[in-house]
Amino acid sequence: MNNFIKKAVATVCAVVVAINVFAFGGASVRADVSRIQAFVERSYDLILGRPSDPAGLNSWTQALQTGQLDAAHMVKGFIDSDEYKAKCKSYSQTIDILYRVMLDRPADPTGMKGWLECLDYGVSYDYVLNGFAGSVEFKNICSQYGIVPGVISYVENRDKNYLVTRFVASCYYNMLGRAPDAAGLNAWTGLLNNHQTYPEDLILSFLNSAECAPRIYTDENYVDTLYLGILQRSPDAARETWISIAQTQGRQTVFNGFISSSEFLAIVQACGMTLRPAPAPAKLNPKTKMVALTFDDGPYSPVTNRILNALEKVDGHATFFVVGNRVPSYKSCVTRAESLGCEIGNHTYDHKSVLTSQSAASIRNEITGCNNEIKKVTGHNPVVMRPVGGAYNATVLANIGMPAINWSLDTQDWKNRNATSVKNAVLNNVRDGDIILCHDLYPSTAAAMETVIPELTRRGYKLVTVSEMAEARNLNLKSGVVYTAIRPPK
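Counting restarts for each chain, with residues numbered from 1 along the sequence as it is written. Note on the predicted model: pLDDT of at least 70 is required for a residue's local features to be given, and 80 or more for side-chain atom pairs to be given and counted; whole-chain, interface and lining totals, by contrast, use all residues. To get the side-chain values, take all heavy atoms of the structure and skip hydrogens and water.

Participant: Any details on the packing of helix H14 (residues 239–249) against helix H15 (residues 251–259)? Residues and values, ideally.
Facilitator: It is at 6 Å that the axes of H14 and H15 come closest, and there the two elements cross at 140°. Regarding the angle of H14 to H15, the classification is oblique. Note on element contacts: H15 touches H14 through Arg 251, Thr 253, Val 254, Gly 257 and Phe 258, opposite Trp 242, Ile 245, Ala 246 and Gln 249. When grouped by side-chain class, the residues that make up the contact of H14 with H15 number 5 nonpolar, 3 polar and 1 charged. Note on method: axes are straight lines fitted to C-alpha atoms, helices fitted across the in-contact stretch only, with angles between N-to-C directions ranging 0 to 180 degrees. Every helix listed is a DSSP run of H or I at least four residues long, and every strand listed is a run of E at least two residues long, numbered separately from the N terminus. Every angle not falling under 35 degrees, over 145, or within 65 to 115 is termed oblique; those three ranges are roughly parallel, roughly antiparallel and roughly perpendicular. Residue contacts follow a heavy-atom distance rule, with two residues in contact if any of their heavy atoms lie within 4.5 Å. Under the scheme applied here, ten amino acids are nonpolar (Ala, Val, Leu, Ile, Met, Phe, Trp, Tyr, Cys and Pro), four are charged (Asp, Glu, Lys and Arg), and all others, including Gly, are polar.

Right, here's the structure in full:
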């Protein structure tokens, strides 16, 4: 008899008067001794694979009959016993046994698949037992027997939040190539459940481990591992773009892009975890020289990424006014831009015509359609927009629902498509507080920015987003108002 059984026997022996009627589910239910005995006998037969011994049968039956022990803990006693552990039953065998003992029927395929998945992701048998104990089917059976179904309190961290446990276990499988060990799983789930660490810390720890190193030897392997470990899915069409970014900008840029994606944020929120809060940016002195580079009509990865490369080298930011129907094809550009501190603005859904030629309802549809595509990628709506061609009237301003950001310096890059002309347009005319109009569709614009961006920085200009410049200069951007520049205070 193991320790659990000894404790149960001691408890029963301490009972002076057997209680044959007790409260259950708000009503008095008479215990059915013969059915309780059959339940105990079934546990001996199916779990331990042998007939009951008289002392064990009597002690378990009395403990259940008097309410000193509930059914779930009785089954737990059998499953946790050294006698059962010595049989080395598989997960599927144990699940089938629990169905037959607790529900008095064979396992159904759907239920078996679900519980096996839980065990494969690292929960203990306590989690499974509690699932059976909480079922309506088991409670009805216990009600018929006149016994308490019971609830098992979770002791191990891996049982306390299945979604967190599943997330951690997925990192083991997809980043280390093996099943999680109970000690490691309990340690990580405890830290995450108690918000003592962040999921990106776990991922970095795994990526930096000796176990993971052979799995991320190439940039292709690294990107694939991030898809599987961070997003918990297979790579998509953006894989090649991420590989290119890894090769040209380094793996940290790729990691930042995955961690800051709306897809990963949704996983984190569903699990009840939190990402590490971004440090609050230092407030700019309003008299600091600054300009807002803005890019319309993208994204377009061959150009957008070159501009982002130049910005990243000087820790500069810009505002990208994107066309909504282009966003799904270039999601990684949008994600990367945000991860670098850039701003994503609305430039209508399809850019087919100026808004001044459209009805109020059509204008709202253009704005909402673009907002929705941006939110799918970034997790939030934009707060600034730019009308097509900068054209507006009273109807446009009344229906865009955001500040309208036009410009004070037009590079004419869409017209001349010449890098030198674009460069000169900026560097020969730039003033503090300018909002500069460019387009991230043309290689000539990217080539110009590879000169303009470092030169503006050398001249002492801070490259900021439109919203950052407004905040620095204490300007509250208002919906339906047009802004062309944000000059320094006098």
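Participant: Break down the pattern of salt bridges for me, with residues and values.
Facilitator: Any Lys or Arg side-chain nitrogen found within 4 Å of a carboxyl oxygen on Asp or Glu counts as a salt bridge. Taken as a whole, this structure holds 26 salt bridges when the rule is applied. Across the pair Arg 233 and Asp 236 runs a salt bridge whose closest N-O atoms are separated by 3.0 Å. Burial status follows relative accessibility: with a 1.4 Å probe on protein chains alone, a residue under 20% of its type maximum counts as buried, one over 50% as exposed, and anything between as partly exposed. Look at Asp 236 and you get partly exposed, because its relative accessible area is 30%. A salt bridge links Glu 373 to Lys 376; the shortest N-O distance between them is 3.3 Å. One end of the pair, Glu 373, and the other, Lys 376, are both in helix H19 (residues 360–378), 3 residues apart, so they sit about a helical turn from each other. The class for Glu 373 is buried, based on a relative accessible area of 13%.

Participant: Explain the side chain of His 347 residue by residue, including any values.
Facilitator: Relative to the helices and strands, His 347 resides in the loop between strand E5 (343–346) and H19. Filtering out sequence-adjacent residues up to four positions away, His 347 remains in contact with Asp 296, Asp 297, Phe 321, Val 322, Val 323, Cys 370, Arg 386, Pro 387 and Val 388.

Participant: Which residues make up the pairing of strand E8 (residues 435–439), and what values go with them?
Facilitator: By the criterion of burial, E8 is predominantly enclosed, with 5 of the 5 residues buried. Both faces of E8 are covered, namely the face carrying Ile 435, Leu 437 and His 439 and the face carrying Ile 436 and Cys 438. Note that strand E3 (residues 290–296) and E8 share 5 bridges and pair parallel. Note on E8: the bridge partner recorded for Ala 292 is Ile 435. Strands pair, by our definition, only if DSSP identifies at least two bridges between them. The pairing of strand E7 (residues 409–410) with E8 spans 2 bridges and is parallel. Residue pairing across strands places Asp 410 opposite Leu 437, the latter belonging to E8.

Participant: Lay out helix H10 (residues 162–176) with the relevant residues and their values.
Facilitator: Each helix should span, by expectation, one fewer than its residue count multiplied by 1.5 Å. Across its 15 residues, H10 extends 20 Å between first and last C-alpha, which sits within 8% of the 21 Å expected from 1.5 Å per residue. With 11 of 15 residues buried, H10 is to be regarded as a mostly interior element. All buried positions along H10 are accounted for by Tyr 162, Val 164, Thr 165, Phe 167, Val 168, Ala 169, Ser 170, Cys 171, Tyr 172, Met 175 and Leu 176. Looking at the buried positions of H10, the neighbouring elements they touch are helix H7 (109–120), helix H8 (125–133), helix H11 (182–193), helix H12 (199–207), helix H13 (219–231) and helix H16 (262–271). Each polar contact in these results corresponds to two N or O atoms within 3.5 Å; when the atoms are within protein, one needs to be able to donate a hydrogen and the other to accept it, and residues that are neighboring in sequence are counted only if both atoms are side-chain atoms. Between the side-chain oxygen of the N-cap and the backbone nitrogen of Leu 163 there are 3.1 Å, and the N-cap of H10 in question is Asn 161. Just downstream of H10, Gly 177 is the residue with a positive phi angle, here 75°.

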